[in-house]
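For reference, the chains in residue letters:
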Amino acid sequence: LLGLSGLGLFAGGLAVGVLAPPATWIGWAVLVGVQFSCMLVAYTILHDATHRSASRRHVLNELMLASAGAVFLADGFLFRRIHLIHHAHTHQSGDPDRFASAKTLQGRLARSALITVGYYHFAARRLWDSPKWRRHLLCSPLFAAVAVTGFAHCGHLDIFVILWVIPLLLAQAV
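Every value quoted in this text rests on a predicted model; they were computed, and no experiment measured them.

Trainee: Where do I start with the overall build of the protein chain in this structure?
Mentor: Broken down by element type, the protein chain carries nine helices and zero strands. Helices (α) and strands (β) of the protein chain occur, in sequence order from the N terminus, as α-α-α-α-α-α-α-α-α. Whereas a compact globule of 174 residues would reach a radius of gyration of roughly 16 Å, the protein chain reaches 17 Å, a difference of no more than 12%. Over its C-alpha atoms, taken along the principal directions, the protein chain stretches across nearly 50 × 40 × 30 Å. Within the protein chain, the proportion of its 174 residues that are buried is 38%. Long-range contacts, defined here as pairs at least 24 residues apart, represent 61% of the contacts in the protein chain between residues at least 6 apart. With an accessible surface of roughly 9,800 Å², the protein chain has 69% of that area assigned to carbon and sulfur atoms. Taking the average location of the 14 positive side-chain charges in the protein chain and that of its 7 negative ones, the two points are 6 Å from each other.

Structure (C-alpha cells):
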C-alpha cells in the first residue's frame, strides 16, 4: 500500500506541475525533489515486484511491477527478465549492469543515468529471438512515446522534462 501511494504521489507531482505550476524556481526545485524521491520509491517497488516480493498477492505484485515500470518509462516485465539475467551473471560478461561501468565517477553516473537505454539495448541483442520478448521489446518504447505525445499534445512537454525526465535521470544515476 505504501508503494502504491508513492506512485500516486508521483502522479500528483505531475498534476501539480500541470494544474498549479510553482511561481518560483524554489518551488520547482522542491517539486523536482519530490519527484526524485518518488522515483526512488518507485525503484524499490519495481525491484521488489521483480523478485515477486512486493505483495503476497500475485495480481497486486504484477500491477505494482507494471505501474512502477511505467514510471521509469519502461516495461516492468522486460525489466524483470533483464534484472534476473543480472542476478544470474553478476559481474560477468553476460551481466546487463556492465553497461553502467566506467573508469571515472562522472562516466559511471552518466551511464547509470541512462541504464534504461543500456538495458533495452542488452535485451534487444539478447532476447530478440524469443517471440515473447520480441513483443515486449517492440511495445516497450510505446510507454515513453505515449507519455511524450500526451504531454506535448496538451502543451506541457516542459513539465514532462522537468518533472519526469530530470528526476528519472537523477534517480537512475544514484
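Trainee: Honestly, the packing of helix H3 (residues 58-71) against helix H4 (residues 76-88) in this entry has me stumped. Any pointers?
Mentor: Relative placement of two packed helices is described by the angle separating their axes and the distance separating the axes. It is at 7 Å that the axes of H3 and H4 come closest, and there the two elements cross at 95°. Of the possible angle classes, the one that applies to H3 and H4 is roughly perpendicular. Taken together, the residues of H4 that come into contact with H3 (itself represented by Asn-61, Glu-62, Leu-65, Ala-66 and Gly-69) are Gly-76, Phe-77 and Arg-80. Classifying every residue of the contact of H3 with H4 by side-chain character gives three nonpolar, three polar and two charged.

Trainee: Help me understand the packing of helix H8 (residues 141-153) against helix H9 (residues 157-173) in this model?
Mentor: Running from N to C, H8 and H9 cross one another at 130°; their axes reach a closest spacing of 7 Å. If you check the angle between H8 and H9, you find them oblique. Within the contact between the two elements, H8 uses Ala-147, Val-148, Phe-151 and Ala-152 and H9 uses Leu-157, Ile-159, Phe-160 and Trp-164. Among the residues forming the contact of H8 with H9, the class breakdown is eight nonpolar, no polar and no charged.

Trainee: Is there a simple way to think about H4 in this case?
Mentor: Since the α-helix packs 3.6 residues into each turn, any two residues three or four apart lie on the same face. Here H4 is 13 residues long and its end C-alpha atoms lie 18 Å apart, about the 18 Å a rise of 1.5 Å per residue gives. Every buried residue of H4 is accounted for by Gly-76, Leu-78, Phe-79, Arg-80, Ile-82, His-83, Ile-85 and His-86. Buried positions along H4 lie against helix H2 (25-50), H3, helix H6 (115-127) and helix H7 (131-139).

Trainee: In this structure, what is going on with the packing of aromatic side chains? I would like to understand it.
Mentor: The geometry of two aromatic rings is summed up by the distance between their centres and the angle between their planes. Applying the stated criterion to the full structure yields seven aromatic pairs. Aromatic side chains Phe-10 and Trp-164 sit 5.3 Å apart centroid to centroid with 80° between the ring planes, which places their arrangement in the edge-to-face category. With a gap of 154 residues between them, Phe-10 in helix H1 (residues 2-19) and Trp-164 in helix H9 connect regions that are remote in the sequence. Assessed through its relative accessible area of 4%, Phe-10 is described here as buried. Looking at Trp-164, the relative accessible area reads 11%, which means it is buried. Ring centres 6.3 Å apart and planes at 85° place the aromatic pair Tyr-43 and Phe-79 in the edge-to-face group. Residue Tyr-43 is located in helix H2, and its partner Phe-79 is located in helix H4; the two are separated by 36 residues in the primary sequence.

Trainee: So what exactly am I meant to see when it comes to the pattern of salt bridges here?
Mentor: Counted by the stated rule, this structure contains one salt bridge. When the shortest N-O distance is used, the salt bridge between Glu-62 and Arg-80 registers 2.8 Å. Of this pair, Glu-62 sits in helix H3 while Arg-80 sits in helix H4, and the two are 18 residues apart along the sequence. With respect to class, Glu-62 is no different from Arg-80; both count as buried.

Trainee: I tried to follow H3 on my own but got confused; where do I start?
Mentor: The end-to-end C-alpha separation of H3 is 20 Å, in line with the 20 Å expected for 14 residues at 1.5 Å each. Listed in full, the buried residues belonging to H3 are Asn-61, Glu-62, Met-64, Leu-65, Ala-68, Gly-69 and Val-71. Just downstream of H3 lies Leu-73, where phi reads positive at about 55°.

Basis of the calculations
By convention here, each chain's residues receive numbers from 1 onward along its written sequence. Local features in this predicted model are restricted to residues whose pLDDT is 70 or higher, and side-chain atom pairs enter the listing and the counts only when it is 80 or higher, whereas totals over whole chains, interfaces and linings include all residues. Side-chain numbers here rest on the full set of heavy atoms in the structure, without hydrogens or water. Helix and strand definitions here come from DSSP, where helices need a minimum of 4 consecutive H or I residues and strands a minimum of 2 consecutive E residues; each element is numbered from the N-terminal end. Our radius of gyration is a C-alpha quantity, and the globule rule it is checked against amounts to 2.2 Å times the number of residues to the power 0.38. Buried, partly exposed and exposed residues are distinguished by accessible area as a fraction of the type maximum, computed with a 1.4 Å probe on protein chains only: under 20%, between the cut-offs, and over 50%, respectively. It only takes one pair of heavy atoms within 4.5 Å for two residues to be counted as in contact. What sets the accessible areas is the Shrake-Rupley method with a 1.4 Å probe; for residues, cover comes only from the shown protein chains. Only four residue types enter the charge count, namely Lys and Arg as positive and Asp and Glu as negative; His and the chain termini do not. The location of each charge is read from NZ of Lys, CZ of Arg, CG of Asp or CD of Glu. Here an axis means a line fitted to C-alpha atoms, over the contact stretch when the element is a helix, while the angle between two N-to-C directions is reported on a 0 to 180 degree scale. Geometric relationships in this document are graded by angle, where less than 35 degrees denotes roughly parallel, more than 145 denotes roughly antiparallel, 65 to 115 denotes roughly perpendicular, and other angles denote oblique. Each residue receives one of three labels: charged for Asp, Glu, Lys and Arg, nonpolar for Ala, Val, Leu, Ile, Met, Phe, Trp, Tyr, Cys and Pro, and polar for the others, Gly being one of them. What a helix is expected to span follows from its residue count: subtract one and scale by 1.5 Å. A pair of aromatic rings is counted whenever rings of Phe, Tyr or Trp (Trp by its six-membered ring) have centres within 6.5 Å, and the orientation is called stacked for planes under 30 degrees apart, edge-to-face for over 60 and tilted otherwise. Between Lys or Arg on one side and Asp or Glu on the other, a salt bridge is scored when a side-chain nitrogen of the former is within 4 Å of a carboxyl oxygen of the latter.

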